[in-house]
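Structural overview for review
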Amino acid sequence: AGSPPPAMTMTGWRAVAVWSPQGGVGKSTIATALAFEAASRRLPALLIGLGAPDPIPLANGLRPEPNLVTWQTSPTVETLRTSVQKLDVLDVLTGFPDPLSLATYLPGALDGTGSLPALTGCAAHAGYAVVVLDVSAQELAAAAISAANTLVLVGLPTLPGVLAATEAVHLVNDVMAGQHRIARQAIHLVVNKVRDSTLRPDEVVKTGAEVRKDFPSLAAALPDDPQIEIALNQRRPAYYHSEPLR
């Protein structure tokens, strides 16, 4: 029940950080959809919220407790199992109920028995094949990157969206070089909320590549599907109601 060995060395195991330096890009929607997709393929999947207050319980009608703080007070596999809530077929560990609890957690987020790397390792020991981190709190971006071996970078199809994505690549490939296990080919760009008035997805990639040669290639482009908003307004997982999202 102590600190497990680095889970990222396990063949086929995935800890996916879903992140963007820009707000309002749909990180939580995409993170939840990815976790649902893994669960639908019968892969043991855990969605971890990292917001303060965490949007996942707010959007899906889950309880704010137990949560990540509950696990951190006793960071064991057993505590993780009792702290998880069910959202249909998906296991969810909700995030912080308020900014104060996040501020209390931050000093140990990167290292130690209650850190995010320790949490993903604990999840691997609990039997989860896929762990998805919804990095809603920017203060936890570095810790989430250190805990992951895959990054899904969500960007809007606008010039500010492109510039935010290039800053994210700078953090991962330059500032934090050697401090994580995310290979450059494991950074996947998702362009979200594409409309007629926005940049085309290929224009996003072209513009980003003009700023950074290591700008990631396009993994997916999602249209601004009104079914997503309708589902979220009704506290239903958008994954089940938007074909483009799936």
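For the structure, see preceding data.
To keep things clear, this report deals only with the structure shown in the data block. (Residues numbered from 1 in each chain as written. Predicted model: local features only at pLDDT ≥ 70, side-chain atom pairs only at ≥ 80, totals over all residues. Heavy atoms only, no water.)

Topic: the sheet that holds strand 6 (residues 150-155)
Our working definition: In this description, strands pair whenever DSSP reports at least two bridges between them. In this description a helix means any DSSP run of H or I spanning at least four residues, a strand means any run of E spanning at least two, and both kinds are numbered starting from the N terminus. For helices, the fitted axis covers only the stretch in contact; all axes are lines through C-alpha atoms, and the angles between them, taken along N-to-C directions, range from 0 to 180 degrees. By the convention used here, residues are in contact when the closest approach between their heavy atoms is within 4.5 Å.
Spatially, the 8 strands line up as an open sheet ordered 3-4-2-5-1-6-7-8, and their pairing is mixed. Looking at which strands have only one partner, the edges of the open sheet turn out to be strand 3 (85-87) and strand 8 (218-223). Ignoring strand direction, the axes of neighbouring strands in this sheet form an average angle of 25°. The pairing of strand 2 (residues 45-49) with strand 5 (residues 130-134) spans 5 bridges and is parallel. Along strand 5, the bridge assignment pairs Gly49 with Asp134. The strands touched by helix 8 (residues 159-175) within the sheet are strand 1 (14-19), strand 6 and strand 7 (187-194), with strand 6 carrying the most contacts at an inclination of about 160°.

Digging into the packing of helix 8 against helix 9 (residues 201-211)
Convention followed: Any angle from 65 to 115 degrees is called roughly perpendicular, while one under 35 is roughly parallel, one over 145 is roughly antiparallel, and all others are oblique. Two helices crossing with the near one rotated counterclockwise from the far one by less than a right angle form a left-handed crossing, whereas a clockwise rotation gives a right-handed crossing. We call Asp, Glu, Lys and Arg charged. Ala, Val, Leu, Ile, Met, Phe, Trp, Tyr, Cys and Pro are nonpolar, and the rest, Gly among them, are polar.
Where helix 8 meets helix 9, the axes come as close as 9 Å, and the angle between the chain directions of the two elements is 45°. With respect to helix 9, the axis of helix 8 lies oblique. The interaxial crossing formed by helix 8 with helix 9 has right-handed handedness. Together, Leu159, Val162 and Thr166 of helix 8 and Val204, Thr207, Gly208 and Val211 of helix 9 make up the contact between the two elements. Here the contact of helix 8 with helix 9 is built from residues that sort into 4 nonpolar, 3 polar and no charged.

Quick notes on the environment of Leu159
Put simply, the rule reads: Categorising residues by exposure relies on relative accessible area from a 1.4 Å probe, with only protein chains included: less than 20% of the type maximum marks a residue as buried, more than 50% marks it as exposed, and the intermediate range marks it as partly exposed.
Topologically, Leu159 is positioned in helix 8. Under the relative-accessibility criterion, Leu159 is labelled partly exposed at 48%. In the structure, Leu159 is positioned 122 residues away from Glu37 in sequence and 30 Å away in space, judged by C-alpha atoms. Leu159 has contacts with Leu199 and Thr207, leaving out every residue within four places of it along the chain.

Observations concerning the pairing of strand 7
Put simply, the rule reads: Whether a crossover is right-handed depends on one test, that the path from the first strand over the helix to the second runs clockwise when the strands point away from the viewer.
Most of strand 7 sits out of view: 6 of its 8 residues are buried. Note that strand 6 and strand 7 share 5 bridges and pair parallel. Bridge pairing in strand 7 links Leu153 to Leu189. The handedness of the strand 6 to strand 7 crossover, carried by helix 8, is right-handed. Pairing of strand 7 with strand 8 involves 4 bridges; the strand directions are parallel.

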